[in-house]
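Notes for the structure review
Here's the letter readout for the chains.
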Amino acid sequence: MCTAVLHWNPDGALAVMNRDERRDRAEEIPPGPFEFGGVRGLAPRDSERGGTWIGVNERGVMAFLLNGYVPGDLELVGRAGIPSRGSIVPALLAHDADGARDHLRRHFDPSPYPSFTVALAAPDGAMVSRWRLDGTWEHDVLPVGWNLMTSSAWRTDEVCAWRAERFDEWRSNGAPMNGAIPSYLLLEIPERREWSPMMSRSWSATRSVTRATVTPAERMATMSYWRRTDSGFAVEHPEATVDLALSTPVEAA
């Protein structure tokens, strides 16, 4: 369960992601240096299994992953021999943008994993790939501007459709920000807490917000991180902000 918004154009890419997790899962580790197969990058970490759900590398590529939920998925989670989806983003960010896209389309085998959605973005383009246990493995190019990816383990179709409607309303209102976070991701409607992007359920909740940017003109990538507390988020004061100099110029579309 997660919700992410992505904005990209030739001037750069921005991804902001709410991570939803079990209330009893181990604490997250805020973003810091992360080596992706010899390529420098930034990512938060899952302290339980060591992977990540979002990252950016020195070649100007960002990637993020959301779990999918179809019949059979929950039975696979934690089973011996089933690889962690937290390893997928690190594998992709061991490449430049062309290599990461090629890896997904031609070389990566999703079949050992439970269902997931993974997005790749760089100033020269963005794409989303979706794997489902029925064998569906689809790839779509994402348009310039704002894009939404979301998932839910509870009333999946209804919740995702409701979130998509709220996202369209947010865009039609000019895509307002609350500090550095799209206000859509902070939406928490009291009578719809189980449906809202800032989600709360008895067994799970939105744990954090992570923001990643790539700015070719400045040859810089940045990640910021906010951990949810009982009092919410101090939007103006992220727990962590880290920068990464891009190693080579990034070509725009």
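Placed above this text is the structure.
Being a predicted model, the structure only gives us computed values, none of them experimental.

With that settled, the discussion passes to the pairing of strand β5 (residues 54–57). Of the two faces of β5, the one carrying I54 and V56 and the one carrying G55 and N57 are both buried. Both strand β4 (residues 39–46) and β5 contribute to a ladder of 2 bridges, which runs antiparallel. In the sheet register, G41 faces β5, and the bridge partner there is N57. Here β5 runs beside strand β6 (residues 62–67); their pairing, made up of 3 bridges, is antiparallel. Looking at β6, one finds that I54 is bridged to F64. What sits between β5 and β6 in their antiparallel hairpin is a turn of 4 residues, with G60 showing a positive phi close to 80 degrees.

Here we come to the environment of A234. Position of A234 relative to the elements: it lies in the loop between β14 (220–227) and β15 (240–245). Taking the relative accessible area as the measure of exposure, A234 reaches 43% and is therefore partly exposed. Distance in space between the C-alpha atoms of A234 and G86 is 27 Å, their sequence separation being 148 residues.

Time to look at the sheet that holds β4. Where strands meet in a sheet, backbone hydrogen bonds hold them as pairs that are either parallel or antiparallel. Pairing within the open sheet is antiparallel, and its 7 strands lie in the order β3-β4-β5-β6-β7-β8-β9. Unpaired on one side and paired on the other, β3 (28–36) and β9 (137–141) mark the two borders of the sheet. When strand polarity is set aside, the average angle formed by the axes of neighbouring strands in this sheet is 15 degrees. In terms of strand pairing, strand β8 (residues 125–131) meets β9 through 5 bridges, oriented antiparallel. Across the sheet, R130 pairs through a bridge with E138, a residue of β9.

A few words on unusual backbone geometry. One non-glycine residue, R155, lies in the positive phi region at around 45 degrees. Position of R155 relative to the elements: it lies in the loop between β10 (145–151) and α4 (156–172). A relative accessible area of 40% means that R155 is categorised as partly exposed. Although it is not a glycine, R219 adopts a positive phi angle of roughly 50 degrees. Here R219 falls in the partly exposed class, since its relative accessible area comes to 37%.

Quick notes on the rules
Residues numbered from 1 in each chain as written. Predicted model: local features only at pLDDT ≥ 70, side-chain atom pairs only at ≥ 80, totals over all residues. Heavy atoms only, no water. Buried < 20%, exposed > 50% of the residue type's maximum accessible area, 1.4 Å probe, protein only. Helix = DSSP H or I, 4+ residues; strand = E, 2+ residues; numbered from the N terminus. Pairing = 2+ DSSP bridges. Axes fitted to C-alpha atoms, helices over the stretch in contact; angles between N-to-C directions.

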